[in-house]
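# Working through the structure, step by step
The chain contents come next:
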Amino acid sequence: MNLKRYRVNNIKEALKEIKQDLGSDAMIVSTRQVRESTGAFGMFGKTMLEVTAAPAEKKKESGLSVPAAKAIKAYSGTVETGESALSNTFLTPRNSPALSLTDETRKLMQPIQKELQGIRLTLGDLSTHSAGFDEHIMGELKNELGEMRQMLNIMASRSGSLTDPDLPENLLLLYQQMKFGGLEERFARRLVLEAERNMSAEDAENFPYVKIFIARMLMKIVKITRGLEGLKQKQRIVALLGPTGVGKTTTAAKIASEQMQKYKRKVALISVDTNRSSAAEQLRSFAKKISAPFSIVKDKAELNRIIVSYEDYDSIIIDTDGFSQRNDTQLYEMRELFDERGRIHNTLVLSATSKDSDMIEVTRKFGCMPLDSIIFTKLDESAAYGSLFNHAIRFKKPLSYLTLGQEVPTDLEVASRERLVDLLLNISGT
Ligand SMILES: Nc1nc2c(ncn2[C@@H]2O[C@H](COP(=O)(O)OP(=O)(O)O)[C@@H](O)[C@H]2O)c(=O)[nH]1
Ligand SMILES: [Mg+2]
């Protein structure tokens, strides 16, 4: 990506330069305060603002030149299937950009939407009342509708650009930064509007103040368990659930090491292997390395028996064999084992590199079991930290751990609010 960095005295200056250089659709990627090392021994350097910006993505612009026929295809057949094309959903694009509109854009779009609605109704009338209506003309009209909808989408996607008039500039800047970091547009919007309502116009002029204000709001959104330390039971039993490849086994090993090395606890390991796969061997060899007892179980009776046999151990870490969230049979089998509330701390392991839509699906499906916390893995491979907040806002599940690499045991962190907010807003770099 083509990033450009600006050192300026204030936000106004930054916005002016960015608009000149990259156009008014440019996105703010990050903001931080830096000290200029000018003056004798760098002592009298003044504090400057460093703003990094990126030009708008090209693909947003290309829509207008898409031929009408293609544009219609892009709407997943709603237009092609005749009558359904004229249903109400026609005016509501799939990703509902209407949610992300600024008031100004909304105003601009209203007459176009009205016009579309009119055409839609006329078309509906024509198709029901005149059986022999010229197919060709119908086709053309539908094409035109498709194009108009494409334009509406483009207008919607442009909302929230630097020209957004509704917010004081500091808030607008942070809004852009959060959005760039992957925070869902409507969440970012809600946050900055709420912040605006709760601060004086004078405070809104003070960038560090506004940034810390937003950081505090974000901190309130995230719940945490302090790793396994927040668990009430004396004997800590934790099960790692989730799809394949997200890092369950690696994380189980890291947590086992944390419990042993940091807290000097007696640790036992269990692998649940409903698949009869060889996946459990990975944990077996790790258990051998740390001289911890290890068992493989296939069903609930075996699991219960083994847990009882480990009653002298302080922490029991249960790894599970992963499977797709779409495999209902396996989900059902797993639920049999982990449907009890309270005794075992069920933690869902998600990879921070996954798309938001996949995380939502996985959490919903695995939500057939009580989920006590979430672990986000592979933060080292992702920069879209906003996803973590999107998830926290949607599901209100506390976070227990974050993992930041493949190394056992080092690349494990107890999830903290400060860390998460820092990842999104880069407070420590300020
Ligand atoms: N980059 C990175 N890789 C990880 C992390 N955690 C696990 N992995 C890797 O992800 C792959 C799958 O891990 P594994 O623990 O076998 O996943 P499982 O199928 O859920 O048990 C392995 O190559 C791990 O080394 C992490 O935090 N960062
Ligand atoms: Mg595994």
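Below you will find a few notes about this structure. (Residues numbered from 1 in each chain as written. Chains lettered and ligands numbered in written order. Predicted model: local features only at pLDDT ≥ 70, side-chain atom pairs only at ≥ 80, totals over all residues. Heavy atoms only, no water.)

Grouped burial of nonpolar side chains is what soluble globular proteins tend to show. Residues Met178, Ile214, Ile318 and Phe338 are the most contacted members of the largest nonpolar core, which totals 76 residues. In terms of nonpolar packing, the next biggest core, distinct from the first, is built from 23 residues, Leu283, Ile317, Ile375 and Tyr401 among them. (Core = buried A, V, L, I, M, F, W, Y, C linked by side-chain atoms within 4.5 Å. Buried < 20%, exposed > 50% of the residue type's maximum accessible area, 1.4 Å probe, protein only.)

So, on to the sheet that holds strand β11 (residues 412-414). Here 8 strands make up an open sheet; going across it, the order is β6-β5-β7-β4-β8-β9-β10-β11 and the pairing mixed. This sheet does not close on itself; its edge strands, each paired only once, are β6 (294-297) and β11. Going across the sheet, the axis of each strand differs from the next one's by a mean of 25°, ignoring polarity. In the sheet, strand β5 (residues 267-272) pairs with β6 via 4 bridges, with the strands oriented parallel. Opposite Ser271, over in β6, you have Ile296 as the bridge partner. Docked against the sheet, helix α9 (residues 248-262) engages β4 (236-241), β5, β7 (315-320), β8 (345-351), β9 (373-377), β10 (399-403) and β11, running at close to 175° with respect to β7. This element, helix α13 (residues 356-366), spans β4, β8 and β9 of the sheet and lies at about 160° to β8. (Pairing = 2+ DSSP bridges. Helix = DSSP H or I, 4+ residues; strand = E, 2+ residues; numbered from the N terminus. Axes fitted to C-alpha atoms, helices over the stretch in contact; angles between N-to-C directions. Contact = heavy atoms within 4.5 Å.)

Here we come to the packing of helix α8 (residues 207-221) against helix α15 (residues 417-425). Angle between the axes and distance between the axes: these two values describe a pair of packed helices. Axis separation between α8 and α15 bottoms out at 9 Å; the angle between their running directions is 130°. The angle between α8 and α15 falls in the class oblique. The crossing of α8 and α15 is right-handed. Side by side, α8 and α15 meet where Lys211, Ile214, Ala215, Leu218 and Met219 of the first sit next to Arg417, Glu418, Val421, Leu424 and Leu425 of the second. (Parallel < 35°, antiparallel > 145°, perpendicular 65-115°, else oblique. Left-handed = near helix turned anticlockwise from the far one by under 90°.)

As a further point, take the environment of Ile306. By the secondary structure assignment, Ile306 is in helix α11 (residues 300-309). Each residue touching Ile306, except ones within four places of it in the same chain, is listed here: Ile270, Ser295 and Val297.

With that out of the way, let us pick up the environment of Met260. Residue position: Met260 is located in helix α9. Note: C-alpha distance between Met260 and Ser315 (55 residues apart in sequence) is 8.8 Å. Apart from residues lying up to four places away in sequence, Met260 is in contact with Arg265, Val267, Ile290 and Ala292.

This part is about the site of ligand 1. Around ligand 1, the surrounding shell holds 17 residues, and the nearest of these are Gly245, Lys248, Thr250, Asp380 and Thr403. Note that a nitrogen atom of ligand 1 is positioned 2.8 Å from one of the side-chain N or O atoms of Asp380. If you tally residues by element for the shell around ligand 1, the top one is α9, at 4 residues. In terms of residue class, the shell around ligand 1 is made up of 3 nonpolar, 9 polar and 5 charged. (Near = heavy atom within 4 Å. Polar contact = N/O pair within 3.5 Å; in protein donor to acceptor, adjacent residues only side chain to side chain. Nonpolar A, V, L, I, M, F, W, Y, C, P; charged D, E, K, R; others polar.)

This brings us to the side chain of Asp422. Mapping Asp422 onto the fold places it in helix α15. The buried charged residue Asp422 lacks any salt bridge, with Arg419 as its nearest oppositely charged partner at 5.0 Å. Sequence-distant contacts of Asp422, that is, excluding residues within four places in its chain, are made with Ile427 and Ser428. (Lys, Arg positive; Asp, Glu negative; His and termini not counted. Salt bridge = Lys/Arg side-chain N within 4 Å of Asp/Glu carboxyl O.)

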